[in-house]
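Next come the chains, spelled out residue by residue.
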Amino acid sequence: MDLRGTFAIITGAAQGLGHAVSKAYAREGMRLALMDIRGDKLDELAAELRTAGAEALTIQVDLSDAGDTQHAIDAALAWGGTPRILVHNAALLIQRSMLEITLEQWQKETNIILQAGFQLCKAVWKPMIDAGGGSIVLLTSGSGTRGFVKEIAYCPAKHATEGLMKTLAMEGAEFNIAVNAVTPGAAIHTPMSEQNYDEAGRARWIDPAEITEAFVELAKQDASGITGKRIAARVGKLEILA
Ligand SMILES: NC(=O)c1ccc[n+]([C@@H]2O[C@H](COP(=O)([O-])OP(=O)(O)OC[C@H]3O[C@@H](n4cnc5c(N)ncnc54)[C@H](O)[C@@H]3O)[C@@H](O)[C@H]2O)c1
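Residues numbered from 1 in each chain as written. Predicted model: local features only at pLDDT ≥ 70, side-chain atom pairs only at ≥ 80, totals over all residues. Heavy atoms only, no water.

### Side note on the environment of Ser 193
Consideration 1: In this structure, Ser 193 sits in helix α6 (residues 191-196).
Consideration 2: In this structure Ser 193 comes out as buried when scored by relative accessible area, which is 3%.
Consideration 3: Along the sequence, Ser 193 and Gly 144 sit 49 residues apart, while their C-alpha atoms lie 16 Å from each other. (Helix = DSSP H or I, 4+ residues; strand = E, 2+ residues; numbered from the N terminus. Buried < 20%, exposed > 50% of the residue type's maximum accessible area, 1.4 Å probe, protein only.)

### Notes on the layout of surface pockets
Unoccupied space between atoms shows up once a probe the size of one water molecule is rolled over them.
Consideration 1: In this model, the largest pocket occupies a volume close to 1400 Å³.
Consideration 2: Considering the residues around the largest pocket, the lining is formed by 47 residues, among which Leu 93, Tyr 154, Thr 190, Met 192 and Ser 193 are closest to the centre.
Consideration 3: Only α1 (16-27), α4 (103-131), α5 (154-173), β6 (177-184), α6 and α7 (199-204) provide two or more residues apiece to the lining of the largest pocket.
Consideration 4: Considering every element that reaches the lining of the largest pocket, the biggest residue donor is α6, with five residues.
Consideration 5: Class assignment for the residues of the lining of the largest pocket results in 22 nonpolar, 16 polar and nine charged.
Consideration 6: One number sums up the size of the second largest pocket: a volume of about 180 Å³.
Consideration 7: What lines the second largest pocket is Lys 23, Ala 26, Arg 27, Gly 29, Met 30, Arg 31, Glu 48, Leu 49, Ala 52, Gly 53, Ala 54 and Glu 55.
Consideration 8: Of all the secondary structure elements, the ones that give two or more residues to the lining of the second largest pocket are α1 and α2 (39-51).
Consideration 9: By residue number, the principal contributor to the lining of the second largest pocket is α1, which donates three residues.
Consideration 10: Residues of the lining of the second largest pocket, tallied by class, amount to five nonpolar, two polar and five charged. (1 Å grid on protein atoms, 1.4 Å probe; cavity = no way out; pocket = protein on both sides within 12 Å on 5 of 7 lines; lining within 4 Å. Points joined across faces, edges and corners; volume = space filled by probe spheres on them. Nonpolar A, V, L, I, M, F, W, Y, C, P; charged D, E, K, R; others polar.)

### Let's talk about the pairing of strand β5 (residues 134-139)
In summary, the side chains of a regular strand alternate between the two faces of the sheet.
Consideration 1: Within β5, six of the six residues are buried, which leaves it mostly tucked inside the rest of the structure.
Consideration 2: Of the two faces of β5, the one carrying Gly 134, Ile 136 and Leu 138 and the one carrying Ser 135, Val 137 and Leu 139 are both buried.
Consideration 3: Examined bridge by bridge, strand β4 (residues 85-88) and β5 share four bridges and lie parallel to one another. Across the sheet, Ile 85 pairs through a bridge with Ser 135, a residue of β5.
Consideration 4: In this structure, β5 lies alongside β6, joined through six bridges in parallel fashion. Residue Val 137 lies in a different strand from β6, and its bridge partner there is Asn 180.
Consideration 5: The parallel pair β5 and β6, bridged by α5, forms a crossover whose chirality is right-handed. (Pairing = 2+ DSSP bridges. Right-handed = clockwise from strand over helix to strand, strands pointing away.)

### Topic: the side chain of Asn 180
Consideration 1: Mapped onto the secondary structure, Asn 180 falls in strand β6.
Consideration 2: Accessibility expressed as a relative area gives 0% for Asn 180, which makes it buried.
Consideration 3: In this view, Asn 180 contacts Ile 136, Val 137, Leu 138, Met 165, Leu 218, Ile 226, Thr 227, Gly 228, Lys 229 and Ile 231; residues no more than four positions away in its chain are not counted. (Contact = heavy atoms within 4.5 Å.)

### Focus: the site of the ligand
Consideration 1: Neighbouring residues of the ligand: 28 residues in total, closest Asp 36, Asn 89, Tyr 154, Thr 190 and Tyr 197.
Consideration 2: In the model, a nitrogen atom of the ligand is placed 2.9 Å from a nitrogen or oxygen of the Leu 63 main chain.
Consideration 3: Take Lys 158: an N or O atom from its side chain is 2.9 Å from an oxygen atom of the ligand.
Consideration 4: Out of a free accessible area of 820 Å², the ligand has 93% covered by protein chains.
Consideration 5: Comparing atom positions with the cavity grids shows the ligand to sit within the largest pocket.
Consideration 6: Of all the secondary structure elements, the ones that give two or more residues to the shell around the ligand are α1, α5 and α6.
Consideration 7: Top element by residues in the shell around the ligand is α6. It accounts for three residues.
Consideration 8: A class-by-class count of the residues in the shell around the ligand yields 15 nonpolar, nine polar and four charged. (Near = heavy atom within 4 Å. Polar contact = N/O pair within 3.5 Å; in protein donor to acceptor, adjacent residues only side chain to side chain. Areas by Shrake-Rupley, 256 points an atom, 1.4 Å probe, with all protein chains shown as cover. Sits in = over half its atoms within 2 Å of the grid points.)

### A short note on helix α3 (residues 66-80)
Consideration 1: Taking 1.5 Å of rise per residue, 15 residues should cover 21 Å, and α3 covers 21 Å from first to last C-alpha, within 8% of that figure.
Consideration 2: Where α3 is concerned, the buried positions are Thr 69, Ala 72, Ile 73, Ala 76 and Gly 80. Looking straight down α3, one finds its buried side chains confined to an arc of 95°; they lie on one side. Among the exposed residues of α3, those oriented more than 90 degrees off its buried face are His 71 and Ala 78.
Consideration 3: By the N-cap criterion, in which a side-chain oxygen at the helix start approaches the backbone nitrogen of a residue two or three places on, α3 is capped by Asp 65, the distance to Gly 67 being 3.1 Å.
Consideration 4: Just downstream of α3, Gly 81 is the residue with a positive phi angle, here 80°. (Expected span 1.5 Å × (residues − 1). Arc of directions from axis to C-beta.)

Structure, rendered in structure tokens:
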């Protein structure tokens, strides 16, 4: 499939992995709606992409807030039409113990990952059905299948993301919508990993630009291809894990 001229919605595009995926999609000639809470960094990225000839809309949004998220999605769809792919990549990981975390902090982290994931999928679902198909990628993590100390919000939200992926992939089969969950298949150097990696992780981290090929491949999928899978984005390729 030629992705040129097709439309992608990417959350958490201002930095880290989402930034790298946005640049990879721009190189494919895709039109991009870029969402993030960091409007300044989004504008920097969009300026760079437009200079290189890409079409990009920036939407500053707090994805922990349902109303703000809905406005952002409405703006994206009004600008770009039906997306070929939605990549819900935004996340927040702040390590806190059960004794430390408040309900508000827990809700903020889980809302960004799970509530916004649900809202984004719901918003693109009918347009993708009407368009005859599409592809949805939800970012997961090792924390989507295992527990980690002090990931009181992030870990359950990533587990639930994998549940959302599995359920939507089943429902999407009839409508030709592929739904997959992607975990970075390498240690990547991003602002999130600067906050959370130990020495061993830092010793082997690589630029997230090296693992964007999987996202390009997934933009070409529909339900006749890869769907309902847990996928590792490895250097230059994707690997189906489960
Ligand atoms: N870094 C890793 O090693 C690693 C490992 C496993 C999974 N992941 C997953 O990969 C994805 C990208 O991670 P990353 O390392 O690039 O993270 P990052 O923190 O560097 O980037 C996340 C982006 O999400 C945005 N964001 C945070 N809160 C937001 C909010 N309320 N509203 C809108 N945007 C918000 C941030 O501004 C940032 O641009 C995440 O889903 C993460 O869980 C990362």
